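Structural overview
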Amino acid sequence: MKLRLLAAAAALLLIGGAAGSAAADTPAGQPVQLGAASVAVPAGVSAGVAVFDRQTGTFTEQLNSSTGFRSASVVKLLLALDHLWNRGPDYTVPAADRAWLEPMLRSSNDDAASAYWSDNGGTAIITRMVSRLGLKDTAPPPTGYEGYWGYTTLSARDTVTIYRYLLDSAPGPVRDFVMGNLRQSTRCASDGFDQHFGIAGAFEKPWAVKQGWSGSSYEKGTCGPPRTAAATDTASPAPAAAADVDLTRPALHSTGTVGAGDRSIVAVFTLHPVGTSYGKAYTDIGRLTRSLNVPGAARPAGWWYGTWSDHVNVRPDPGTGKAPITQLPAGVEVLVGCQARGEVVDVPPYTNEWWAYLPQYKGWISNIYIKSPDNKMPDVKDC
C-alpha cells in the first residue's frame, strides 16, 4: 500500500484535535477531558456566553452575557411562544400549526418563521415578548430591516431568561410542546446546514437545542434538501448603515438545555471574522462550548480531529459501496470514536485503507480526510 506523503500531510495539519475543554492549540487526537478551567474563545471570535445551573440557581459561566447579537434563528423561540401565548386553557396545538411549528423548532425552517413574522405583526412580536418575559437586551430588527426576523437582537442572559420561563413558568402544554421539539432537533436543518454544532456536539444527550446561523461566507449546506426560502436570516441583505448590533460578521449560536431534568441552560452566541467558512465557525463554537463548566453534562468519549476537503461523505460502513448518510461541512473538526481497516481510498497523491468511525454521525469517513500525519491515527483505538 502506498503511504501518504508525510510532508504534505503535515502541511494539512492545521487545526489538530481540540479535546474536551482544552484550548485551540491542543495537540491532535487528545482524548476528551472532563474539566473546564475557563471559557476558551478561539482567536478572532467574539462571544457572549451564559450557563445557568437550575439546581443551584446560579450562573457557572458568564462572558459578555448582556452583549446583544443578531439572533439568527434563535428568535424562533420567541415566535413560537408568542403564537402559543393566548391558547389557554388547554393550549392545544392544532395540526395546521404543528405542520409549521414542529419543523421551525426541530429543523429551523425559515419559511415557517417568515409566515409567523408576517401574520403576527413582525416587530410587534418582539415588543410583546420583551414585556411578557422581562427581557433586558432584546430588541426588534433595526430601522430599515423590519422584515428580517433574524436581525432581532438577543443576548446570552436574555436567552437564559427565555428558557427559564419555558421550564419554570410556561403552561405545561407549552413547555412540553416547545421543549419536546427542541429535544428532537434534526442534524440536517431545512436549509441543508448541519445544525448539530455547539451544545449538540459538545455533550451527550439528554439535551435540547435551538441553534442559529447567519453569514454570507457560509457555503451552501450539504446536509439535506436545498433551501427554498427567498428571504431568510441567512440570506439577509448586507446592512446599508451602522446598527447597534453587528449585522455583518458571520454568526453561529448554540442555545438550549443540557443534562437530566434540563439541569443547565446554555447560551453561546458567536461572531466570526468576515470570510469565515461554516466548517471553521462550526469548529470554533464547538471548542468554545466544550470549554464550559456545565453542571450535569456528560461529555462524549473519543478524540477530536480536524478534516480537510469539502463534501466529505459520511458512510454507513467503512467503504464506498453504500449511499452516504450525509456530508461534512468543509474542514470541520469531528469526534472520532475508533478506527478500522476498510476499502482502500485513493485521492492522489494519497492512498489509505483506514476509516474513522464518527459516533455523533453514526457513520464512517476515510482517514484520508483526517488531519493526521499517518494513515492510521496513532492515538485512536481500533474498532
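So, a few notes on the structure that sits alongside this text. Every value quoted in this text rests on a predicted model; they were computed, and no experiment measured them. (Residues numbered from 1 in each chain as written. Predicted model: local features only at pLDDT ≥ 70, side-chain atom pairs only at ≥ 80, totals over all residues. Heavy atoms only, no water.)

1. A short note on the packing of aromatic side chains
Counted only if it meets this: Two rings from Phe, Tyr or Trp (for Trp, the six-membered ring) form a pair when their centres are within 6.5 Å of each other. A pair whose planes differ by under 30 degrees is stacked, one over 60 is edge-to-face, and the rest are tilted. By the criteria applied, helices consist of DSSP H or I runs no shorter than four residues and strands consist of E runs no shorter than two, each listed in order from the N terminus. Throughout this description, buried means an accessible area under 20% of the type-specific maximum (1.4 Å probe, protein chains only), exposed means over 50%, and partly exposed covers the range between. Only lysine NZ and arginine CZ atoms are considered, and such an atom sits over a ring when it is within 6 Å of the ring centre and within 35 degrees of the ring normal.
Taken as a whole and judged by the stated rule, the model has 15 aromatic pairs. Judged by centre distance (5.0 Å) and plane angle (80 degrees), the ring pair of tyrosine 218 and tyrosine 278 falls under edge-to-face. Taken as a pair, tyrosine 218 in the loop between β5 (207–214) and β6 (251–258) and tyrosine 278 in helix α9 (residues 278–290) lie far apart in primary sequence, 60 residues in all. Note on tyrosine 218: relative accessible area 7%, which makes it buried. Among the aromatic side chains, those forming a connected cluster through ring pairs are Phe193, Phe197, Trp213, Tyr218, Tyr278 and Tyr282. In this structure, arginine 187 packs its charged tip against the face of tyrosine 361, placed 3.8 Å from the ring centre. Seen from the ring of tryptophan 304, arginine 290 lies directly overhead, with NZ or CZ sitting 3.8 Å from the centre.

2. Describing the pattern of salt bridges
As a working rule, side chains carrying opposite charge can pair if their charged atoms are close by. What counts here: When a carboxyl oxygen of Asp or Glu lies within 4 Å of a side-chain nitrogen of Lys or Arg, that pair is called a salt bridge.
Enumeration according to the criterion identifies 19 salt bridges in this entry. Salt-bridge contacts for lysine 76 lead to aspartate 110; the nearest nitrogen and oxygen are separated by 2.7 Å. Within this pair, whereas lysine 76 is found in helix α2 (residues 76–84), its partner aspartate 110 is found in helix α4 (residues 110–119), the two being separated by 34 residues in sequence. By relative accessible area, lysine 76 is classed as buried at 0%. Across the salt bridge formed by glutamate 102 and arginine 106, the nearest N and O atoms sit 4.0 Å from each other. Residue glutamate 102 and its partner arginine 106 are both found in helix α3 (residues 95–106); the two are separated by 4 residues, about one turn of the helix. Where salt bridges share partners, they join Asp82, Arg128 and Arg132 into one cluster.

3. Some details on the side chain of aspartate 97
Note the cut-off: We call two residues in contact whenever any of their non-hydrogen atoms come within 4.5 Å of each other.
If you trace the backbone, aspartate 97 turns up in helix α3. For aspartate 97, the residues in contact, after removing those within four places along its chain, are His83, Arg87 and Tyr116.

4. Side note on the sheet that holds strand β13 (residues 350–358)
Rules: Strands are labelled as partners when DSSP assigns at least two bridges between them. What counts as an axis is a line fitted to C-alpha atoms, over the stretch in contact for a helix, and the angles between N-to-C directions run from 0 to 180 degrees.
If you trace the 3 strands from one edge of the open sheet to the other, you get β12-β13-β14, paired in antiparallel fashion. With one partner strand each, in any of the chains shown, β12 (338–347) and β14 (363–366) form the two edges of the open sheet. The mean inter-strand angle of the sheet, taken between neighbouring strand axes irrespective of direction, is 30 degrees. The sheet contact formed by β12 and β13 spans 7 bridges and is antiparallel. Following the sheet pairing, cysteine 338 is matched in β13 by tyrosine 357.

5. As for the pairing of strand β2 (residues 58–63)
Here 5 bridges tie strand β1 (residues 46–53) to β2, and the two strands are oriented antiparallel to one another. Paired with valine 51 across the strands is glutamate 61, a residue of β2. Counted along the chain from β1 to the antiparallel partner β2, the turn is 4 residues long, and its residue glycine 57 has a positive phi close to 70 degrees.

6. Describing the packing of α2 against helix α6 (residues 156–168)
A pair of packed helices can be characterised by two numbers: the angle between their axes and the separation between those axes. To keep it simple, the criterion reads: Whether a crossing is left-handed or right-handed is set by the direction in which the near helix is turned from the far one by less than a right angle, anticlockwise for left-handed and clockwise for right-handed. Each residue gets one of three labels, nonpolar for Ala, Val, Leu, Ile, Met, Phe, Trp, Tyr, Cys and Pro, charged for Asp, Glu, Lys and Arg, and polar for the others, Gly among them.
In contact at an axis separation of 11 Å, α2 and α6 are set at 40 degrees when each is read in the N-to-C sense. Both α2 and α6 take part in a crossing whose hand is left-handed. Here Leu77, Leu78 and Leu81 of α2 lie close against α6, whose contacting residues are Ile162, Tyr163, Tyr165 and Leu166. When the residues that make up the contact of α2 with α6 are grouped by side-chain class, the tally is 7 nonpolar, no polar and no charged.

7. Section: unusual backbone geometry
Of note, the amide linkage connecting lysine 205 to proline 206 takes the cis form, showing an omega dihedral of 15 degrees. In this structure, proline 206 sits in the loop between α8 (199–202) and β5. Here proline 348 and proline 349 are connected by a cis peptide whose omega angle stands at 10 degrees. For asparagine 64, which is not a glycine, the phi torsion comes out positive at approximately 50 degrees. In this fold, asparagine 64 is placed in the loop between β2 and β3 (69–70).

8. What about the packing of α3 against helix α7 (residues 172–182)?
Here is the rule: Reported orientations rely on four angle classes, namely roughly parallel under 35 degrees, roughly antiparallel over 145, roughly perpendicular from 65 to 115, and oblique for the rest.
It is at 8 Å that the axes of α3 and α7 come closest, and there the two elements cross at 50 degrees. Comparing their axes, α7 and α3 come out oblique. Where α3 crosses over α7, the handedness of that crossing is right-handed. Taking contact as the criterion, the partners of Arg98, Leu101, Glu102, Leu105 and Arg106 in α3 are, on α7, Phe177, Val178, Asn181 and Leu182. Taken together, the residues of the contact of α3 with α7 break down into 5 nonpolar, 1 polar and 3 charged.

By themselves, these figures tell us nothing about what the structure is for.
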